[in-house]
Structure formats: C-alpha cells, structure tokens
Amino acid sequence: MLAADQVAYGVAARVVDPEMPMLTLEDLGVLRAVQVEDDGSVVATITPTYSGCPAMTSMRDDLVRTLRGAGFADVRVDVVLEPAWSSDWISERGRRALAAHGLSAPGPAPRYDGPVPLTLVPTRRAVRCPRCGASDAALTSEFGPTACKALYRCVRCSEPFEHVKEI
Ligand SMILES: [Zn+2]
C-alpha cells in the first residue's frame, strides 16, 4: 500500500456506522479498500452489510464528506457485492465495542452449501447476555430498532438487549 493510500485509508477507516456508531466501517468489515489514483482522486470500496440496508446511503455520504474534509477533493465510492458481506467480518475490536455498549455480538455466521433453507420459526441463536454473561436468553422480537438486530431478554438478570444477527 502506498503512503497516500494509507493516509486515505486511515481517514476512511474512522467513519462510523450510522446505526451502530460504536463501530467504524472498518470494524464492521464494510470498508474493503481505499486507493488513491494517479490523478489524486480517491476510490473507496465498500460492501453493504445486506442488500437494501438503509444505512448504505449515509455510509457513502459520510465517507465522501470525511475524505473531502481531509483534503481529498475528488472522492468516489464503489460498491462491491461479491463476496457478500458476512457478520464474521466484524473485527474483534468491533465485537468488544458492541459488548461494551450493551449489545450482543453475532456468533459464527451460518454456512450453506447449495439451497438456503427457509423456515417460518425464529432462528435459534447462541446468545450471551452482555450484562451478566448468561447464555440463557429469550427472544422477545425477531426485529429490533434496525432489521439487523433481534431483541432478547436475559433469563437470569432480566436485562433486555439487542443482538446483532448472524448473516
Ligand atoms: Zn443477564
């Protein structure tokens, strides 16, 4: 990586997720690459967490604004869909940040070879209470304040908490 690329990457890596601001786009695994072209323009490559995620437009705008603010006048954001984002891409630092803010980090993402089975019952997850660490939690809602989170209540300490889903 060239020095200019590193500077631009460092700036872009500090942009936070609009829905989970304790996570940077780097922590989230959304920021794939940042490159400074020969003409000085910057190309940031991102992969959306899931298709149709309403936060994507904000992420794009925030990246452009932040890079421009750091002196990169010409900024382009490319969206790459392949390989698809997985919650496994959330960094260890990101997982610790989620826990520190009372959110339960996703477990290992499911892997499918071939067709993805669809079921009508809620997905079973190994969830740990971010307050007391108990692994016994009851699902209260499959959807939280954003579609990527489910709501649980700890059976031991009664803490309600959000769990970032595995995908
Ligand atoms: Zn608990």
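For clarity, every value in this text was computed on a predicted model and none was experimentally measured.

A. Representation of the overall build of the chain in the model. Looking only at helices and strands, one finds four helices and seven strands in the chain. A principal-axis box enclosing the C-alpha atoms of the chain has dimensions of 55 × 35 × 25 Å. With 167 residues in all, the chain has 28% of them scored as buried.

B. Structural detail: the domain arrangement of the chain. Looking at the chain, the domain boundaries give domain 1 (3–79) and domain 2 (101–111 + 121–164). For domain 1 versus domain 2, the separation of C-alpha centres amounts to 29 Å.

C. Here's a closer look at the pairing of strand β2 (residues 42–46). A one-sided burial pattern is seen for β2, the buried positions being V42, A44 and I46 and the unburied ones V43 and T45. Relative to β2, strand β1 (residues 31–36) runs antiparallel, the two being bridged by five bridges. Among the inter-strand pairings, V36 is bridged to a residue of β2, identified as V42. Between β1 and the antiparallel strand that follows it, β2, lie five residues; G40 among them carries a positive phi value of about 90°.

D. Expanded view of the sheet that holds strand β4 (residues 103–104). The mixed open sheet is built from four strands, whose spatial order is β4-β7-β6-β5. Taken across any chain shown, the strands that pair with only one partner, and hence form the sheet edges, are β4 and β5 (137–141). Of the pairings in the sheet, the one linking β4 to strand β7 (residues 160–164) comprises two bridges and is parallel in character. Residue pairing in the sheet places L103 in a bridge with E162 of β7.

E. Geometry of the UniProt feature "domain: MIP18 family-like" (unreviewed entry) in the chain. The UniProt entry lists residues 14–79 under the feature "domain: MIP18 family-like" (unreviewed entry), expressed in the numbering used here. End-to-end, the C-alpha atoms of residues 14–79 are 18 Å apart, and along that stretch the chain is 27% helix and 24% strand.

F. Region of interest: the UniProt feature "domain: PaaD zinc beta ribbon" (unreviewed entry) in the chain. Following the UniProt record, the feature "domain: PaaD zinc beta ribbon" (unreviewed entry) maps to residues 119–165 here. Counting secondary structure, residues 119–165 comes out at 0% helix and 34% strand; the distance between its end C-alpha atoms is 16 Å.

G. Looking closely at the environment of S58. In this fold, S58 is placed in helix α3 (residues 56–69). Owing to 14 C-beta atoms within 10 Å, S58 belongs among the partly exposed residues under this scheme.

H. The arrangement of the environment of A99 in detail. Within the secondary structure, A99 sits in helix α4 (residues 92–100). A count of 16 C-beta atoms within 10 Å places A99 in the partly exposed class. With 60 residues separating them in the primary sequence, A99 and D39 have C-alpha atoms 42 Å apart.

I. Summary view of unusual backbone geometry. At the junction of E82 and P83, the peptide bond is cis and its omega measures out at 0° in the coordinates. Position of P83 among the secondary structure elements: in the loop between β3 (75–79) and α4. Phi is positive for S158, close to 70°, though the residue is something other than glycine. Here S158 shows up in the loop between β6 (149–154) and β7. A tally of 10 C-beta atoms within 10 Å means that S158 is categorised as exposed.

About the thresholds
- Residues numbered from 1 in each chain as written.
- Predicted model: local features only at pLDDT ≥ 70, side-chain atom pairs only at ≥ 80, totals over all residues.
- Helix = DSSP H or I, 4+ residues; strand = E, 2+ residues; numbered from the N terminus.
- Buried ≥ 20, exposed ≤ 12 C-beta atoms within 10 Å, placed from the backbone.
- Domains from an automatic or database assignment.
- Pairing = 2+ DSSP bridges.
- UniProt positions renumbered as here; feature names shortened; annotations may be inferred.

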